[in-house]
Amino acid sequence: MFSGYFTGRNDFLNLSEKYPVNQNISTNWVGLNVGTGYEYYFKFLSFFVDYKMRVGFSDKHQLNIMDVCYTFGLRYNLKVPSIYKIFSGTRSRYLLDSEPVEN
């Protein structure tokens, strides 16, 4: 579902024939989001590349590529303790050599 305000400026696709100018419009498309990616690790850094594409049926009932997105970058990976280690209780956390107290 897409909704937005259509101004009609720079209308290279000639959408003003279908949608009224200076009005809010809404369209619905049935589609599929597809993507893939790659990530390469160097110790604490990683380089990543992603490709995403949206394919769907347009208003003329034709299967079209709606949009494509390329993403790439460099990521710094932090090491944090796991939740299990934080909440594992007192097992092997404290070294206690004690004997039961006798009264």
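The structure this text deals with has already been given above.
Summary of the structure given here. Note that this is a predicted model, so its numbers are computed, not measured.

Let's talk about the overall build of the protein
For step 1, the next point in the chain: Scanning the protein from terminus to terminus reveals 1 helix and 5 strands.
For step 2, the next point in the chain: What you see in the protein, going N to C, is helices and strands ordered as β-β-β-β-β-α.
For step 3, the next point in the chain: In the protein, buried positions account for 12% of the 103 residues.
For step 4, the next point in the chain: Of the contacts made within the protein by residues no fewer than 6 positions apart, 31% connect residues no fewer than 24 positions apart.
For step 5, the next point in the chain: Surface accessibility of the protein: about 9,900 Å² in total, with carbon and sulfur atoms responsible for 58%.

Description of the pattern of salt bridges
For step 1, the next point in the chain: What the rule picks out here adds up to 2 salt bridges.
For step 2, the next point in the chain: Among the ionic pairs, Arg-75 bridges to Glu-39, the shortest N-O distance being 2.6 Å. Residue Arg-75 is found in strand E5 (residues 63-76), and its partner Glu-39 is found in strand E3 (residues 31-42); the two are separated by 36 residues along the sequence.
For step 3, the next point in the chain: Its salt-bridge partner being Arg-54, residue Asp-67 comes within 3.0 Å of it at the nearest N-O pair. Within this pair, whereas Asp-67 is found in strand E5, its partner Arg-54 is found in strand E4 (residues 45-57), the two being separated by 13 residues in sequence.
For step 4, the next point in the chain: Residue classification places Asp-67 among the partly exposed positions, given a relative accessible area of 37%.

Here's the deal with the sheet that holds E3
For step 1, the next point in the chain: Across the sheet, 3 strands lie side by side as E3-E4-E5; this open sheet has antiparallel pairing. Either end of the sheet is taken by a strand with one partner, and the two such strands are E3 and E5. For this sheet, the mean angle separating the axes of adjacent strands, direction not counted, is 10 degrees.

Section: unusual backbone geometry
For step 1, the next point in the chain: In this structure, Asn-22 is a non-glycine residue whose phi angle is positive, near 55 degrees.
For step 2, the next point in the chain: Counting through the fold element by element, Asn-22 comes out in the loop between strand E1 (2-6) and strand E2 (23-27).
For step 3, the next point in the chain: At Lys-43, a position not held by glycine, the phi torsion is positive, near 35 degrees.
For step 4, the next point in the chain: Using a relative accessible area of 83% as the deciding quantity, one classes Lys-43 as exposed.

Notes on a nonpolar patch on the surface
For step 1, the next point in the chain: A cluster of nonpolar side chains, namely Tyr-38, Tyr-40, Phe-42, Phe-44, Leu-45, Phe-47, Val-49, Phe-72, Leu-74, Tyr-76, Leu-78 and Val-80, defines an oily patch on the protein surface of about 1,300 Å² accessible area.
For step 2, the next point in the chain: Put simply, the parts of the chain that give the nonpolar patch at least two residues each are E3, E4 and E5.
For step 3, the next point in the chain: Within the secondary structure, Val-80 is located in the loop between E5 and helix H1 (83-86).

So, the pairing of E3
For step 1, the next point in the chain: Little of E3 is tucked away, with 0 of its 12 residues classed as buried.
For step 2, the next point in the chain: Here E3 pairs with E4 via 12 bridges, running antiparallel. Looking across to E4, one finds that Gly-31 is bridged to Gly-56.
For step 3, the next point in the chain: As consecutive antiparallel partners, E3 and E4 are separated by 2 residues, and within that stretch Lys-43 has a phi angle of approximately 35 degrees, a positive value.

Parameters at a glance
- Residues numbered from 1 in each chain as written.
- Predicted model: local features only at pLDDT ≥ 70, side-chain atom pairs only at ≥ 80, totals over all residues.
- Heavy atoms only, no water.
- Helix = DSSP H or I, 4+ residues; strand = E, 2+ residues; numbered from the N terminus.
- Buried < 20%, exposed > 50% of the residue type's maximum accessible area, 1.4 Å probe, protein only.
- Contact = heavy atoms within 4.5 Å.
- Areas by Shrake-Rupley, 256 points an atom, 1.4 Å probe, with all protein chains shown as cover.
- Salt bridge = Lys/Arg side-chain N within 4 Å of Asp/Glu carboxyl O.
- Pairing = 2+ DSSP bridges.
- Axes fitted to C-alpha atoms, helices over the stretch in contact; angles between N-to-C directions.
- Patch = residues over 30% accessible without salt bridge, like charges linked within 9 Å, V, L, I, M, F, W, Y side chains within 5 Å.

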